[in-house]
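Chain by chain, the residues run as shown.
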Amino acid sequence: MDLHYALYHSKSLEPASATLHNDILQVSARNNARDHLTGFLHREADYFIQYIEGPKTRLYGALARIGRDTRHSNFEVIQNGPAEKRLLPDWTMGFVDPGLLNLSDLLDVSHGRLDIRTIDPFDLVIFLVSNAGALRSGAAAA
Ligand SMILES: Cc1cc2nc3c(=O)[nH]c(=O)nc-3n(C[C@H](O)[C@H](O)[C@H](O)COP(=O)(O)O)c2cc1C
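As annotated in an unreviewed UniProt entry, the protein chain is BLUF domain-containing protein from Roseobacter ponti.

This is how it looks when you write it as structure tokens:
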């Protein structure tokens, strides 16, 4: 398989709500299962951050759709390319609302001043994968 990954961030144009997030998750889980895509989405303040991986053509097709979505703006792919293996093989679309971990706490910044562009993309990936791991252990403990 021609495995690729992408990491992007965007700004939500809608306030955080369970309805919005469930709508995104339901469609993503369905499409991503069909397209053999896996990934994790995080929302914090107005930001969405998503790591997504899978077959190259399907991945870039999904990214094009996501980029056109009018529920967010400032869609910016910060890193993408070939991947040797999946980092999130078990997640058609992991998401937890509110996040188990959040960047503001980890980076010790106040919520209003969080600026995703100042964070190393590698750290963002580690953060998303850790969140997925935390979600899994929480689910296992429940
Ligand atoms: C922050 C965000 C993340 C999204 N992630 C995905 C995703 O991983 N996969 C996906 O298919 N759609 C995702 N969507 C939804 C797409 O933008 C689009 O609405 C959807 O793919 C359309 O699917 P449909 O043609 O089956 O209705 C996301 C939307 C937002 C706002």
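Past the structure itself, the notes keep going.
A. How the structure looks around the site of the ligand. Around the ligand lies a shell of 17 residues, among which R30, N32, Q50, R65 and D69 are the nearest. Take R71: an N or O atom from its side chain is 3.4 Å from an oxygen atom of the ligand. Protein burial of the ligand: of its 620 Å² of free accessible surface, 81% is covered by the chains. Looking at the shell around the ligand, the elements with two or more residues in it are α1 (18-35), β3 (47-55) and α2 (56-68). For the shell around the ligand, the element with the most residues is α1, which contributes six residues.

B. Region of interest: α1. For α1, spanning 18 residues, the distance from its first C-alpha to its last is 25 Å, which sits close to the expected 26 Å at 1.5 Å a residue. Turning to α1, its buried residues are L20, H21, I24, L25, S28, N31, N32 and D35. Mapping the buried residues of α1 onto a view down its axis gives an arc of 150 degrees, with all of them on the same face. Among the exposed residues of α1, those oriented more than 90 degrees off its buried face are T19, Q26 and R30. For α1, the elements touching its buried residues are β1 (3-12), β2 (38-44), β3 and α2. A positive backbone phi angle near 60 degrees is found at H36, which sits one or two residues after α1.

C. The arrangement of the side chain of H72 in detail. Along the chain, H72 turns up in strand β4 (residues 72-82). Relative accessible area serves as the criterion here: at 10%, H72 is assigned to the buried category. Within the structure, the side chain of H72 is placed 2.7 Å from the backbone oxygen of I66, a separation counted as a polar contact. If sequence neighbours within four positions are ignored, H72 has contacts with Y8, S10, K11, S12, L13, F48 and I66.

D. Representation of α2. Over its 13 residues, α2 extends 19 Å from the first C-alpha to the last, a length consistent with the 18 Å expected when each residue adds 1.5 Å. Here α2 has its buried residues at L59, A62, L63 and I66. Considered in projection along α2, the buried side chains sweep an arc of 100 degrees and stay on one side of the axis. Every exposed residue of α2 that faces more than 90 degrees away from the buried side is listed here: T57 and R68.

E. Geometry of the pattern of salt bridges. Taken as a whole and judged by the stated rule, the model has four salt bridges. The salt bridge involving D35 is made with R34; its shortest N-O contact spans 2.9 Å. Relative accessible area serves as the criterion here: at 5%, D35 is assigned to the buried category. R34 gets classed as partly exposed once you look at its relative accessible area, which sits at 49%. Residue D115 pairs with R117 through a salt bridge whose shortest N-O separation is 3.1 Å. For D115, a relative accessible area of 23% corresponds to the partly exposed category.

Quick notes on the rules
Starting afresh in each chain, residues are numbered from 1 along the sequence in its written order. Restriction of local features to residues with pLDDT of at least 70 applies here, the model being predicted, together with a cutoff of 80 or more for giving and counting side-chain atom pairs; totals for whole chains, interfaces and linings are based on all residues. To get the side-chain values, all heavy atoms of the structure are used, and hydrogens and water are removed first. We call a residue near a molecule or strand as soon as one heavy atom of that residue lies within 4 Å of the molecule or strand. Counted as a polar contact is a pair of N or O atoms within 3.5 Å, where, for protein atoms, one must be capable of donating a hydrogen and the other of accepting one, and residues adjacent in sequence contribute only when both atoms are in side chains. Areas reported here follow the Shrake-Rupley algorithm with a probe of radius 1.4 Å; residue values treat only the protein chains shown as occluding. By definition, any uninterrupted DSSP run of H or I lasting at least four residues is a helix, any uninterrupted run of E lasting at least two residues is a strand, and each is numbered from the N terminus. In a helix, the anticipated span is given by 1.5 Å times the number of residues less one. Only protein chains enter the accessibility calculation, which uses a 1.4 Å probe; a residue is then buried when its area is under 20% of its type maximum, exposed when over 50%, and partly exposed in between. By construction, the arc corresponds to the directions joining the helix axis to the C-beta atoms. In this analysis, two residues are considered to be in contact whenever any of their non-hydrogen atoms come within 4.5 Å of each other. For this document, the term salt bridge refers to a Lys or Arg side-chain nitrogen within 4 Å of an Asp or Glu carboxyl oxygen.

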